[in-house]
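Breakdown of the fold
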Amino acid sequence: MPRRILIDADPGVDDALALALALRSPELSPVAVCAVNGNASVEKAAANALRILDVLNPSPRPPVAKGADQPLSRPRVGAEHVHGGDGLGGATELRGQNGSLRYPPSETPLDQRHAVDLILDAADEETVLAALGPLTNVALAVRADARKMRRYAELVVMGGAFRTSGNVTPQAEFNVYADPHALQEVLAAGLQLTFIPLDATSSVLLTPQTLAEARGSLGRFTRDISAQLLAFTQKAAGVNGMHVHDALVIAYLLDESLFRLEHVCARVETAEGASLGRTYHEAGGTPNARAAFEADEARILALLKSRVLSLQPDGDR
Ligand code: BDR
Ligand code: CA
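It should be emphasised that the depicted structure is a prediction, and the values quoted were computed from it without experimental measurement.

**Here's the deal with the coordination of the calcium ion (ligand 2)**
- Surrounding the calcium ion (ligand 2) are the protein donor atoms Asp10 (OD), Asp15 (OD), Asp15 (OD), Leu132 (O) and Asp246 (OD), which sit 2.3 to 2.6 Å from the metal.
- Site description for the calcium ion (ligand 2): donor spacing in sequence, D-x4-D-x116-L-x113-D. Of this pair, Asp15 sits in helix 1 (residues 13–23) while Asp246 sits in the loop between strand 8 (242–243) and helix 12 (247–254), placing them 231 residues apart in sequence. The same class applies to Asp15 as to Asp246, namely buried.

This is the structure we're talking about:
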């Protein structure tokens with residue numbers, strides 16, 4: 001039986017890769033996609049989720065619902081300089097030879113329910129909640145009914161930087177920095193929680209060489225959404241390749257042995273200042289989560305190559 005998974009995301013280039021990996025993995029059964037403000041506005045994130053599903057054309061097609069349009073108590077922080085003004089590296093403006101948009105707005109409507117209601121409705125022991133953006137929707141669901149949220153088999157969060165430096169400030173990772181209060185409320189709620197933080201995701205790099213070889217319509221889509229981000233990381237950091245952070249949450253759900261995990265007593269800094277959004281392990285504290293500190297780059301890239309980029313047969317993971 002495939003594992004049921006609800007994906008809360010802010011697509012986002014790496015969110016798109018995560019959705020692609022999830023929907024192309026028979027071990028998983030995505031029940032819904034919820035959009036949250038983050039890399040792009042919640043409107044754009046939701047529209048992108050629908051577009052990505054158009055490219056993937058899954059059957060059955062999970063509903064997409066719109067959630068929070070701003071963090072719980074801080075002003076919005078975006079990542080348009082990284083993921084493009086549209087959240088998908090400008091791909092939504094690409095045109096084919098006949099002049100029509102290559103990835104037009106979807107004709108499938110959004111689910112009428114609020115994302116928080118979908119998250120609450122799906123909460124049961126058989127379902128995993130994958131949080132790939134700021135935790136605003138998840139925290140609002142916890143506020144509404146923490147007991148119900150504890151029914152989730154697991155909440156897997158892409159976020160945090162425990163022993164490594166941040167990617168939005170020297171100390172903070174984007175998803176946590178964008179809504180640190182949301183993480184604080186989620187930590188207090190006592191869910192079965194696993195972090196896939198920068199400590200693990202920074203060691204997996206998808207190179208332009210690999211993307212250039214990608215095949216099929218999904219391969220082309222991946223290349224199209226990644227081009228700007230690759231140029232940005234090359235220019236900003238001199239790095240030849242891009243991190244695929246959110247896709248590692250899906251890789252974890254497919255095979256935990258791809259990661260080295262430790263129990264942690266996770267804390268987040270919510271005071272304004274240089275440490276805002278910092279995640280850390282409180283020495284001597286009672287463990288409240290697990291966190292991944294190493295990732296198997298070769299095997300994770302093999303998964304992406306076989307399932308998303310149509311580059312090599314599955315099986316030699
Ligand atoms: C996280 O921040 C976002 O920009 C990415 O989509 C990912 O979820 C990485 O820090
Ligand atoms: Ca994301």
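There is more to say after this.
**Focus: the site of ligand 1**
- Neighbouring ligand 1 are the residues Asp14, Asp15, Asn39, His83, Leu132, Met158, Asn167, Glu173, Phe174, Asn175, His245 and Asp246.
- The separation between an oxygen atom of ligand 1 and a polar side-chain atom of Asp14 is 2.6 Å.
- Asn167 is positioned such that a nitrogen or oxygen atom in its side chain is 2.8 Å from an oxygen atom of ligand 1.
- If ligand 1 stood free it would expose 280 Å²; the protein chains cover 96% of that surface.
- Of all the secondary structure elements, the ones that give two or more residues to the shell around ligand 1 are helix 1 and helix 7 (174–178).

**A closer look at the packing of aromatic side chains**
- Counted under the stated rule, the structure contains four aromatic pairs.
- Ring centres of Tyr103 and Phe221 lie 5.0 Å apart, and the angle between their planes is 75°; on these two criteria the pair is classed as edge-to-face. Taken as a pair, Tyr103 in the loop between helix 3 (80–83) and helix 4 (115–121) and Phe221 in helix 11 (residues 216–237) lie far apart in primary sequence, 118 residues in all.
- Given a relative accessible area of 8%, Tyr103 falls into the buried group.
- Since its relative accessible area comes to 3%, Phe221 is described here as buried.
- Aromatic pair Tyr252 and Phe259: ring centres 6.1 Å apart, planes at 65°, arrangement edge-to-face.
- On the accessibility criterion, Phe259 (9% relative accessible area) is buried.

About the criteria used
Residues numbered from 1 in each chain as written. Chains lettered and ligands numbered in written order. Predicted model: local features only at pLDDT ≥ 70, side-chain atom pairs only at ≥ 80, totals over all residues. Heavy atoms only, no water. Donors = N, O, S within 2.8 Å, 3.2 Å for Na, K, Ca; no water. Helix = DSSP H or I, 4+ residues; strand = E, 2+ residues; numbered from the N terminus. Buried < 20%, exposed > 50% of the residue type's maximum accessible area, 1.4 Å probe, protein only. Near = heavy atom within 4 Å. Polar contact = N/O pair within 3.5 Å; in protein donor to acceptor, adjacent residues only side chain to side chain. Areas by Shrake-Rupley, 256 points an atom, 1.4 Å probe, with all protein chains shown as cover. Phe/Tyr/Trp six-rings, centres within 6.5 Å; stacked < 30°, edge-to-face > 60°.

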